Amino acid sequence: MTIEMLTDQDLPTAMRQVSDSVDAVFADILATPPGASERLYEAMRYAAIGGGKRMRPLLVVASARLFDVAPQNALLAGVAVECVHVHSLVHDDLPCMDDDDLRRGRATLHKRFDEATAVLAGDALLALAFELLARPETHADALVRAELISTLASSAGASGMASGQMMDMAAIDATLDMDAVVQLQQLKTGAMIGWCVGAGAALGAADAGQRVALSHYAQCVSLAFQIADDLLDVEGDEQAVGKRLRKDDEQGKQTLVRMLGRESARNYASGLIDRAVSSLSPFGPAADLLRSIAHFSIHRDR
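Because the structure is predicted, anything quoted here is derived from the model rather than measured.

Caption draft 1: Here's a closer look at the packing of helix α3 (residues 55–64) against helix α4 (residues 71–92). The N-to-C vectors of α3 and α4 enclose an angle of 155 degrees; their axes lie 8 Å apart at closest approach. Judged on the interaxial angle alone, α4 and α3 are roughly antiparallel. Here α3 and α4 pass one another in a crossing that is right-handed. Residues R56, P57, V60, V61 and A64 of α3 lie in contact with α4, whose contacting residues are A74, A77, G78, V81, E82 and H85. Tallied by class, the residues present in the contact of α3 with α4 amount to 7 nonpolar, 2 polar and 2 charged.

Caption draft 2: Just the environment of S222, in detail. Tracing the backbone through its elements, the reader meets S222 in helix α10 (residues 208–235). For S222, a relative accessible area of 1% translates into the label buried. With 57 residues separating them along the chain, S222 and Q165 place their C-alpha atoms 15 Å apart. Sequence-distant contacts of S222, defined by excluding residues within four places in its chain, comprise Q186, T189, G190 and I193. Within the local environment of S222, its side chain forms a polar contact with the side chain of Q186, the two groups lying 3.2 Å apart. Within polar-contact distance, the side chain of S222 engages the backbone oxygen of Q219 at 3.0 Å.

Caption draft 3: Quick peek at the state of the cysteines. On inspection of all chains with the given rule, the structure shows 0 disulfides. We note that C83 lacks a disulfide partner, and the nearest cysteine sulfur, in C196, lies 12 Å from it.

About the thresholds
Residues numbered from 1 in each chain as written. Predicted model: local features only at pLDDT ≥ 70, side-chain atom pairs only at ≥ 80, totals over all residues. Heavy atoms only, no water. Axes fitted to C-alpha atoms, helices over the stretch in contact; angles between N-to-C directions. Helix = DSSP H or I, 4+ residues; strand = E, 2+ residues; numbered from the N terminus. Parallel < 35°, antiparallel > 145°, perpendicular 65-115°, else oblique. Left-handed = near helix turned anticlockwise from the far one by under 90°. Contact = heavy atoms within 4.5 Å. Nonpolar A, V, L, I, M, F, W, Y, C, P; charged D, E, K, R; others polar. Buried < 20%, exposed > 50% of the residue type's maximum accessible area, 1.4 Å probe, protein only. Polar contact = N/O pair within 3.5 Å; in protein donor to acceptor, adjacent residues only side chain to side chain. Disulfide = S-S within 2.5 Å.

Shown next, in the form of structure tokens:
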């Protein structure tokens, strides 16, 4: 389970390297065993391997390289957060949630297998995240591993992503003001992106000032990323995006795009990226990959 050393700040190259490495780790740790659990592992592999932008592992790797963290450590932490992300997608797609048939250009997990298998596969991926973070291979210092586990649990749970999803479900046909929408998005998307850049800082023993700068970067990028996602829902091509679109309007959900209008939302997202990039000034050219990720977050077609 290795990742190539990122030899430059080229975003397409970094995305390919991280994506290939994440897939290789998943293929290894999710090798299908014979017997009763075979179907569960097949479902986990179906959900986890291939597709997706792997933005969360990339953010872990990009932040960790600021502090000369070993690529292997960053990769395992990145795979852990990708486990949580894939778990959330599997559960979000279920009929009791978003009821989607398409994810990453192919049938959602519950359509490919069945609902019960999808629930169990999502649960198993969530558990796998913490198993990976607990391994000494992720970091030699048990206190660092404990920090990663504790903060990921908080970011994914009732004080983070799960609360954001609950608010999102409650927002159907509800009237929310801008502050409420921003809070929703910071929980649903921002908590996990914040963990990603924070994980790199934790792995690299960053100081308090460095952690604050990266936290501000994550807050700005996550909200801009969600605005771009909402714009794709309105304007994107389903075949290119790989999932069902126009859902927010159908469900009457308040988004910043609906509240501000498309052009104003784009300008708002652009301003957020400017703030994110400015927050990286203490790191100099070493943070160029993070800067590229920030710009990419609002200039994408899927």
